[in-house]
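Structural characterization, general
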Amino acid sequence: MEMIIAFSALAAGIIAAGAAIGAALGDARVADRALDGMTRQPEMSGKLFTNMLISIGLVESMPIIAIVIAIVLVFA
């Protein structure tokens, strides 16, 4: 029983770390592409900025879901 709890905690840590790394890379890529587009077409800055914020929000939803699943895994 203690072994299952230990492995559940280890798996939850790996899930949380992977989700955090993936979110950081995804956010950086979205922001990079948006800023690149804003410098190339300054007249579209407002629309690109709005789309960037929505995209970053969508990227951030995946790690939140992954961490919730990890917490459920620990307490299951």
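In what follows, the structure referred to is the one given above.
These lines cover the structure that appears in this document, whether it is placed above or below. (Residues numbered from 1 in each chain as written. Predicted model: local features only at pLDDT ≥ 70, side-chain atom pairs only at ≥ 80, totals over all residues. Heavy atoms only, no water.)

**Thoughts on helix H1 (residues 2-40)**
Quick reminder: α-helices carry 3.6 residues per turn. Residues three or four places apart thus point the same way. With 39 residues, H1 extends 57 Å from end C-alpha to end C-alpha; this agrees with the ideal 57 Å at 1.5 Å per step. Within H1 the residues assigned to the buried category are Ser 8, Ala 12, Ala 19, Ala 23, Asp 27, Val 30, Ala 34, Gly 37 and Met 38. Of the surrounding secondary structure, the elements contacted by the buried residues of H1 are helix H2 (45-75). (Helix = DSSP H or I, 4+ residues; strand = E, 2+ residues; numbered from the N terminus. Expected span 1.5 Å × (residues − 1). Buried < 20%, exposed > 50% of the residue type's maximum accessible area, 1.4 Å probe, protein only. Contact = heavy atoms within 4.5 Å.)

**Digging into the side chain of Asp 27**
Inspection of the secondary structure puts Asp 27 in helix H1. Summary of buried charges: Asp 27 has no salt-bridge partner, and the nearest side chain of opposite charge, Arg 29, is 11 Å away. Sequence-distant contacts of Asp 27, that is, excluding residues within four places in its chain, are made with Ile 56, Val 59 and Glu 60. (Lys, Arg positive; Asp, Glu negative; His and termini not counted. Salt bridge = Lys/Arg side-chain N within 4 Å of Asp/Glu carboxyl O.)

**Topic: H2**
Helix length check: H2, at 31 residues, gives a terminal C-alpha distance of 45 Å against a target of 45 Å (1.5 Å per residue), a fit within 8%. Met 52, Pro 63, Ala 66 and Ala 70 are the residues of H2 that are buried. In this structure, the buried residues of H2 make contact with H1.

**Concerning the packing of H1 against H2**
The description of two packed helices rests on the angle between their axes and on the distance between the axes. Between H1 and H2, the least distance of the axes is 9 Å, while the angle of their chain directions is 175 degrees. Relative to H2, H1 is oriented roughly antiparallel. Here the contact of H1 with H2 is built from residues that sort into 22 nonpolar, five polar and two charged. (Axes fitted to C-alpha atoms, helices over the stretch in contact; angles between N-to-C directions. Parallel < 35°, antiparallel > 145°, perpendicular 65-115°, else oblique. Nonpolar A, V, L, I, M, F, W, Y, C, P; charged D, E, K, R; others polar.)

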